[in-house]
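Each chain is listed here by its residues.
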Amino acid sequence: LCILLGLSSAVVDNVPLVQASIDMFYEAKQDDPLWQLIALAAGTGGSCLSVGSIAGVTLMSMEGVSFLWYMRNVGPWALLGFFAGIMTYEIQRVLLS
């Protein structure tokens, strides 16, 4: 579910997504690892599309990069980084718990 929230942040702003997740997971404790994963996913998932992050929008406006160019050249790397970050988080959580 956190992965879907993260990927959704490429289209929807991550603040409302995190607020919705707070409402969905209200029974989770404040220090639950779930919140770290939600923050990681929502924070990095937006970079999968240029319109999902302020850095992508700035790149498009300042450098004249098109949406399709971003999707072909940056999107796959951002998606790879997104999944690598989640996988690294999960490995660390298992090893350090």
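What comes next concerns the included structure. (Residues numbered from 1 in each chain as written. Predicted model: local features only at pLDDT ≥ 70, side-chain atom pairs only at ≥ 80, totals over all residues. Heavy atoms only, no water.)

So, on to helix α4 (residues 54-63). Little of α4 sits out of view: just 1 of its 10 residues are buried. Immediately beyond the C-terminal end of α4, within one or two residues, lies Gly64, with a positive phi of roughly 70°. (Buried < 20%, exposed > 50% of the residue type's maximum accessible area, 1.4 Å probe, protein only. Helix = DSSP H or I, 4+ residues; strand = E, 2+ residues; numbered from the N terminus.)

Bringing the pattern of salt bridges into the picture now. Scanning the model with the defined rule gives 1 salt bridge in all. For Glu90, the salt bridge is made with Arg93, and the minimal N-O distance between the two is 2.9 Å. Of this pair, Glu90 and Arg93 both sit in helix α6 (residues 75-96), 3 residues apart, roughly one helical turn. Classification of Glu90 by relative accessible area gives partly exposed; the value is 25%. Accessibility expressed as a relative area gives 34% for Arg93, which makes it partly exposed. (Salt bridge = Lys/Arg side-chain N within 4 Å of Asp/Glu carboxyl O.)

In this section: the packing of aromatic side chains. Summed over the entire model, instances satisfying the criterion amount to 2 aromatic pairs. Ring geometry for Phe82 versus Phe83: centroids 5.2 Å apart, planes at 70°, classification edge-to-face. The exposure class assigned to Phe83 is partly exposed, which follows from its relative accessible area of 38%. (Phe/Tyr/Trp six-rings, centres within 6.5 Å; stacked < 30°, edge-to-face > 60°.)

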